[in-house]
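Observations on the model geometry
One-letter residues, chain by chain:
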Amino acid sequence: MTETTAVNSPVAPAVNPGKTLGIVGLVLSILQFNVVSLVISIIALVKSKKAGMGNGFAIGGIIISILSIIGGIILIVVVVGAAAALSAQCAEVGPGIWELDNGLTVTCP
């Protein structure tokens, strides 16, 4: 009789099911597709967590997307506030080009 010995073959590493989506979410967040990126990154993170793995790309995409969304909201508030202040100033002084007390020049329609 011949004796056979088991050969230790390397075990294939486990595949992270959310890695590709995590990368896509991170790239989209860098390109400022914030809402789409946030959704894709969350889906990627959930897929990875279900497989018992982490996903740094998805976490990065989520963080960048949230920060960009917050920054966009702040920018909108500032622009709307400045437009309201300018509109109020024009309503006060009337149409024309005016130099204000603080040295700013305002052109009102």
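Everything here concerns the structure above.
Comments concerning the pairing of strand β2 (residues 105-108)
Burial along β2 is one-sided: the residues V106 and C108 are buried and none of T105 and T107 is. As judged from the 4 bridges shared by strand β1 (residues 96-99) and β2, these two strands associate in the antiparallel manner. Residue pairing across strands places G96 opposite C108, the latter belonging to β2. Where β1 folds back onto β2 in an antiparallel hairpin, the turn is made up of 5 residues, including G103, whose phi is positive at roughly 95 degrees.

Examining the side chain of S29
As for its placement among the helices and strands, S29 is situated in helix α1 (residues 19-30). Judged by its relative accessible area of 0%, S29 falls in the buried class. Setting aside anything within four residues of it in sequence, one finds S29 in contact with N34, S37, G61, I64 and S65.

Definitions and limits used
Residues numbered from 1 in each chain as written. Predicted model: local features only at pLDDT ≥ 70, side-chain atom pairs only at ≥ 80, totals over all residues. Heavy atoms only, no water. Buried < 20%, exposed > 50% of the residue type's maximum accessible area, 1.4 Å probe, protein only. Helix = DSSP H or I, 4+ residues; strand = E, 2+ residues; numbered from the N terminus. Pairing = 2+ DSSP bridges. Contact = heavy atoms within 4.5 Å.

Note that every value here comes from positions in space, so none of it alone points to a role or purpose.
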